[in-house]
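Here are the chains, one letter per residue:
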Amino acid sequence: MMNFQYDTLAASVRLKDVISSASNRAILHRLKNNDPGLTHLSIDESDDDYGDDDDIFQVREGDDLGWLGYFIGRNEKLKYLSVCYLPGDAEQGRKFFFGIQRNTSIDEVDVSIRGFLGESLSVMNLPHVTSISFDSYSKREDAHYFALGLRQCEALEDYSGLLTAEIVASLVSLPWLSNIYIYKRGGLAINREECMALRELVANATGIIHLDLSRVGLGNDGSELLAEGLACNSSLADGALDLRGNGIGDEGLQALASSLASNAKLRELNLCNNNISDTGWEALAESLAHNRALRVLSIAANTAITETGVRAISRILQSRKSRLEDLWLDMINIGEDGGKILGEALSVNTSLVLLSLMCGETDVSIGDDGLKALALGLSRNSHLKILNLSENTAITSVGLRSLKQYFRSPSCALDTLFINSINIGDEGACALADALGQNKSLKSLSFDKRGITSKGMKAFLKLICDSSSPNSIYLSHHTLCKLGDRCFGGWGWRLSGSVRTSLDTFLGMNNQTPNLAAKVKIMHVFPDLDMVLLFQWNTKFLPLVKRWFDTVTSDDSAFAASVQNRKLSAIYKFVRAIAGCKLLPTSSHSAASEYQS
């Protein structure tokens, strides 16, 4: 039947005559009535494990999928449709896909077929869908017919799934396509035919801004074919190329370096976990040093990169043309000499915002001397905001103490530091707390519990709120909101009750009232502020004191009332002092009210 025939019969059809089970009929009723609660629908083979799941249509013998497609096509609330199974009857599949092509509300479709659909996929006309994923567990003909249907999805922006020459031809024809994620099942590597199709895709689909080819097994041969496509036009302009885990060696990277030199508009490049050594990396680094577009670069987990490769990185960072913002150098052999090289580069770099130097178990750690040199260079840097030194187990309290010069530099802009999986101990905790004494930028300090006891945490408590005097509290650290492996409100290890409670309280104040944290802490620690020292200036300080209290606000009604009472008490003390310290017959509230009036 065609759609107009279903329209004629829709008013009189009895669902129990065309749908096998009560649960499936309930889904059709919800589709027919535009139930706003039904936004996601999956179609799958009947399975007892599903039970009567209210958003899974379990295909059983006797289900007329034409009616399912018809009611999906008429529905106005559905946003996501997953087609995991359709029976082997090709005519049923055609009726289903023909019915859903009317739908204008679905944004995302996942077609992951177990079974043979054949030519029924060719009528998959979904002109309003913006995201499609495709996988087929059966015959290759599915990909052929899927490619025919894909051409009619004219609004498509995102595609993830299998890659064939025919699918590529369809993708190239789609005017709004911008994001592509290619995956392979079962760890299979992409073959040469698929690599050639990929070359045609990047050469002809000019609107691509994100191409994810992670872990598809390109190798050197596939990388060379990809490089040929990249060199043809301006694909990936202001976009991202993800080549993680592809076994790319120096030969493949040299080919990519040549193409990226002519296509210098790429914004993000991920080469993590390949087989790149200093030779291949130097070839790419030479072209990137003159690249004004690249903002994000990862060469993490390429363990053959050594100090020589770090020098190439340094040249990028020192280049006036480079605009690199995020740099991921995790799990490469940086070592102490590499830390010194990076420190020199960062002393003049004005673009980098994130630097990750996480170390693996078998990698060479940056160590104390490397950290000292890095900190020295960073003390002249005013742009870096995130630094990850996690798992550099050779770093001790000596290296952490060297951060003091950086943290106390007026140019320090760092707001997040990761030092996880380092046994810093109490000595390291005390060194960090001392180093942060005059810092005004750090908001998050992430570390784990290795070797730290309440002694070390008390040093951090004093950093956040030195309760020895109101002035000491005022000079404490009021920007730090996360400490350890948890935000305020919880801790990942055992602390004494008073230390844990105080840390939670003061970190919460930093987070919730960042501009007023100092005042809130002072009033929390000192319930009754001493005004005597201000009396020598008579009433000159009284307006200032009143304004000081007035600026403290809180959503906590009890605390707000407490602030008001303290303000009145302070005013009363001034009134008493003006009267020659004679006890006035009126209460503090009435005396203060007279002043306020």
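Our structure is the block above this text.
Residues numbered from 1 in each chain as written. Predicted model: local features only at pLDDT ≥ 70, side-chain atom pairs only at ≥ 80, totals over all residues. Heavy atoms only, no water.

On to the nonpolar core. Across soluble globular proteins, nonpolar side chains have a tendency to be buried as a group. Ranked by internal contacts, the top residues of the largest apolar core, which has 160 residues, are Ile-72, Phe-96, Trp-281 and Leu-445. The residues touching Ile-72, leaving out its near neighbours within four places in the chain, are Leu-31, Leu-41, Ile-43, Leu-78, Leu-81, Phe-96, Ile-100, Asn-103 and Ile-106. (Core = buried A, V, L, I, M, F, W, Y, C linked by side-chain atoms within 4.5 Å. Buried < 20%, exposed > 50% of the residue type's maximum accessible area, 1.4 Å probe, protein only. Contact = heavy atoms within 4.5 Å.)

Let us now look at the environment of Ala-373. Residue position: Ala-373 is located in helix α14 (residues 367-378). Between the C-alpha atom of Ala-373 and that of Gly-339, which follows or precedes it by 34 residues, the distance is 6.3 Å. Excluding anything up to four places from it in sequence, Ala-373 contacts Gly-339, Lys-340 and Gly-343. (Helix = DSSP H or I, 4+ residues; strand = E, 2+ residues; numbered from the N terminus.)

Next up on the list: the pairing of strand β4 (residues 108-113). With five of six residues buried, β4 is to be regarded as a mostly interior element. Of the strand pairs in this sheet, strand β3 (residues 80-83) and β4 are connected by four bridges, and their pairing is parallel. The partner of Val-83 across the bridge, within β4, is Val-111. (Pairing = 2+ DSSP bridges.)

Bringing the packing of helix α12 (residues 307-318) against helix α13 (residues 335-346) into the picture now. Helix packing for two helices is described by the angle between their axes and how far apart those axes are. For the pair α12 and α13, the least separation of the axes is 9 Å and the interaxial angle reads 5°. Relative to α13, α12 is oriented roughly parallel. Across from Glu-307, Val-310, Arg-311, Ile-313, Ser-314, Leu-317 and Gln-318 in α12, the residues of α13 making contact are Asp-337, Gly-338, Ile-341, Leu-342, Ala-345 and Leu-346. (Axes fitted to C-alpha atoms, helices over the stretch in contact; angles between N-to-C directions. Parallel < 35°, antiparallel > 145°, perpendicular 65-115°, else oblique.)

It is possible for side chains of opposite charge to pair when their charged atoms get near one another. If you walk through the whole model with that rule in mind, you get 12 salt bridges. Here Arg-14 ties to Asp-17 by a salt bridge, and the two come within 2.9 Å at their closest N and O atoms. One network of salt bridges, in which partners are shared, links Arg-199, Glu-200 and Glu-228. (Salt bridge = Lys/Arg side-chain N within 4 Å of Asp/Glu carboxyl O.)

At their nearest, the axes of helix α4 (residues 65-74) and helix α5 (residues 90-100) sit 7 Å apart, and the two run at 10° to each other. It follows that α4 is roughly parallel to α5 by the angle criterion. Contacts from Leu-65, Gly-66, Leu-68, Gly-69, Tyr-70, Ile-72 and Gly-73 in α4 reach Gln-92, Lys-95, Phe-96, Gly-99 and Ile-100 in α5. Tallied by class, residues from the contact of α4 with α5 come to six nonpolar, five polar and one charged. (Nonpolar A, V, L, I, M, F, W, Y, C, P; charged D, E, K, R; others polar.)

This part covers unusual backbone geometry. Even without glycine at this site, Asn-34 takes up a positive phi of about 55°. You can see Asn-34 is positioned in the loop between α3 (22-32) and β1 (40-45). In the Ramachandran plot, Arg-215 falls in the positive-phi region, its phi being about 60° despite a non-glycine side chain. Along the chain, Arg-215 turns up in the loop between β8 (210-212) and α9 (219-230). The exposure class assigned to Arg-215 is exposed, which follows from its relative accessible area of 54%.

Before going further, it helps to examine the side chain of Asn-24. You can see Asn-24 is positioned in helix α3. Judged by its relative accessible area of 0%, Asn-24 is buried.

Right, let's talk about the packing of aromatic side chains for a bit. Applying the stated criterion to the full structure yields 11 aromatic pairs. Both rings, one in Phe-96 and one in Phe-97, keep their centres 5.2 Å apart while their planes meet at 70°; by these two values the pair is edge-to-face. Each member of the pair, Phe-96 together with Phe-97, is buried. Seen in terms of ring centroids, Tyr-406 and Phe-407 are 5.8 Å apart; in terms of plane orientation they differ by 20°. Their pairing is stacked. What makes Tyr-406 buried here is its relative accessible area of 0%. With relative accessibility at 2%, the residue Phe-407 sits in the buried group. (Phe/Tyr/Trp six-rings, centres within 6.5 Å; stacked < 30°, edge-to-face > 60°.)

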